[in-house]
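Geometric and topological summary
Here is how the chains run, residue by residue.
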Amino acid sequence: MDEVLVAAQGVKKVFRTGDIAVEALRGIDLEIGSGEFMAIVGPSGSGKTTLLNLIGALDVPTDGRIVLFDRDLGALSRSERAELRLRSLGFVFQAYNLVPVLTARENVEFVLELQGMESKKRRARAEETLAELGLGELADRRPSQMSGGQQQRVAVARAVASRPGLVLADEPTANLDSDNAQALLQMMRRLRDEMGMTFVFSTHDPLVVSYASRVVTLRDGEVQSDERKDTCG
Amino acid sequence: MAENSTLRLAWRGLGRNRKRSVLAIAAIGLGQFAFLATAGIMRGYADHYFDSVTGPLVGHVQIVAPGWREERAVDQTLDNVEAMLAAIRGQAQVARAVPRIYAPVLAALEEEGFVGMVVGADPALEGVANGLLGSEQLAGLLGDGRVLVGKGLARQHGIEAGAELAVVGQDIDGSIASALYEVAAVVESPVELVNSTGIVAGLQDAQALLRMDDEAHEITVRLHEAEQINQAADSLGAQSALQGVEIKRWHEVIPQLAGIIKMMDMYSLVVLGIVCLASIAGIANTMMMSTFERRRELGMLLALGANPGRLFRMVATEAVLLGALGVLLGTVLGACFAALTAGSGFDLAELGGEESFEMGFQGVQIASRVYPEVRASDVLAGVSAVLVTALSACVWPLLHVARLEPVEAMRT
């Protein structure tokens, strides 16, 4: 494994609703290295999304420790975690989650603007990224004027435009047909190969698993298996 | 430059639910219009009352002998009036100083007797705008035993021009005073007192009737700028020629009307308060709905790394834009109202299907027709109120945003 980007040690997460406590993660130990193309799989309720949220600094563990880009997430404030997400992570969500009143280019520019990139530079970067993903002609369209596959590709463009070290994708192909899903995965793998980005997916989709170079299987909040593949996709 | 998208998102956010935004903008706009129209009408009335009061009858400042206002005794006169007038007119703030005499009399036209008020007026000073007579031609008829009779008094007792009018009263020494005057004309004065009881005589004729020398009952002072009343009253009080007299500001002379004018300002403030409430309701409801509907989107933006402050600015900018559009609409409507009514005025009686009227109150003419005056300060007051309201109205949505956890928000 190359440089370690994520190190989870004994990570537990308990959700409480009134007197009822649900243990979503029961002590996860996991390391994710730079350049991995990794799928986290498992049945519903196994803790995939919870783990992805913890790795993405969107939530904090009840117990255990997560170190992300050499920073202990448990020691960071809410705003420090937001800053870390902004600077180092890219997110692709299941339901695209684009801002509906912004065009494709403006959606991509949004994160760059949050990072403080200068106007002309971020516009050029957004257009360049969209073009790289074959979305150049859709730059001025709003999400409602695009297909589901196109919207998900814009979401990927937004996630990778700032060249983050780690891209987290939660069920990215869940709403796509197999052609669009395949195109999306090929595109992300190309980004991994060309830009050295690390991708981590939570998924049910066998197609995603087939593309992954490493598959971590969760069951009942624990790592059931951790398999590295020599060939994929 | 870091926040290009805040304004863009806020602006486009208004278009997410156009009907709701249009309704909110219309409500705020109508509120601003209602405020401008009400403030304009109230100011029109207040200015009319103020001019009516301080113009022909009371003036901005009044100078009388001590106690004259309360007792109105004929012998409570100002002495050395010419010296006083010279001192008053020497003040830079003073536009006009007019001596007057008031004497209740019994008048008789042939065999009929009635009560009247001889008003001694200087023809050279009362024929101008804001004078008792308001007409040089009428003022020119005064003097040498000729008098003018108020329209109401004339109608009541059948007095016509050319009639001979005998008056009997008491002079300043307590002796019987009498004179026979020729009615030069029947007049309609802007002053109700003159219309209903006035027998306007030349100042010298009135002085002769009451056996006054260089005396008068009051000197009415009108200033170049009404705002200088206190300053002018103070400097007049410092004049040696004016020692031992009462110097009263107009609102001390007729505090009831001053109270009415003040009440009108308060009424405008009440309307402004109602506008604020309407704006709060409109904006708060719109922003609350809009924020709840976007909970998932806001959660996603937080997940991407936007800090809550950024989302605050987004929501607040949207609220301010909503308020600004509403206030712009209301201001345009208000400006149209002002433009349409500035020349012809606005008759509240006609609005209610009644005939236009004028009535007297405390010696002052009050008309149903008003000339609304909308000022830039009203627009600014409305704009400020709505914008402050807009920011206040989004406190609740902002608190909601502040509590958002990205994971929770995106799950909804």
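Scroll up a little and you will see the structure.
Anyway, here's the lowdown on the structure attached to this text.

Cut-offs applied
Residues numbered from 1 in each chain as written. Chains lettered and ligands numbered in written order. Predicted model: local features only at pLDDT ≥ 70, side-chain atom pairs only at ≥ 80, totals over all residues. Heavy atoms only, no water. Pairing = 2+ DSSP bridges. Helix = DSSP H or I, 4+ residues; strand = E, 2+ residues; numbered from the N terminus. Axes fitted to C-alpha atoms, helices over the stretch in contact; angles between N-to-C directions. Contact = heavy atoms within 4.5 Å. Salt bridge = Lys/Arg side-chain N within 4 Å of Asp/Glu carboxyl O. Polar contact = N/O pair within 3.5 Å; in protein donor to acceptor, adjacent residues only side chain to side chain. Buried < 20%, exposed > 50% of the residue type's maximum accessible area, 1.4 Å probe, protein only.

So, on to the sheet that holds strand 3 (residues 37-41) of chain A. Residue and element names in this part refer to chain A. Overall, mixed pairing links the six strands, which are arranged 6-7-8-3-9-10 in an open sheet. If you trace the sheet from one side to the other, it starts and ends with strand 6 (89-92) and strand 10 (222-228), each paired once. Averaged over all pairs of adjacent strands, the angle between their axes in this sheet comes to 15 degrees, without regard to strand direction. Where strand 9 (residues 214-219) and strand 10 come together, six bridges link them in antiparallel fashion. Following the sheet pairing, Thr-217 is matched in strand 10 by Ser-225. Contacts between helix 5 (residues 148-160) and the sheet are confined to strand 6, strand 7 (166-170) and strand 8 (198-202), with strand 6 contributing the most and set at about 170 degrees to the helix. Packed onto the sheet, helix 6 (residues 178-195) meets strand 3 and strand 8 and runs at close to 150 degrees relative to strand 8.

Attention shifts here to the interface of chain B and chain A. On the side of chain A, 26 residues touch chain B, which itself brings 27 residues to the contact. On the surface where chain B and chain A come into contact, there are four salt bridges. Here chain B is connected to chain A by six residue pairs in polar contact (both at pLDDT 80 or more). Those elements that place two or more of their residues in the side of chain B that touches chain A are helix 1 (4-13), helix 13 (295-304), helix 14 (308-342) and helix 18 (406-411) of chain B. With seven residues, helix 13 of chain B is the single largest residue contributor to the side of chain B that touches chain A.

This part is about helix 3 (residues 104-114) of chain A. Of all the 11 residues making up helix 3 of chain A, 11 are buried; the element is thus mostly covered by neighbouring parts of the structure. One or two steps after helix 3 of chain A, the chain reaches Gly116(A), where phi turns positive at roughly 90 degrees.

Function-wise, these values are silent; they only describe arrangement.
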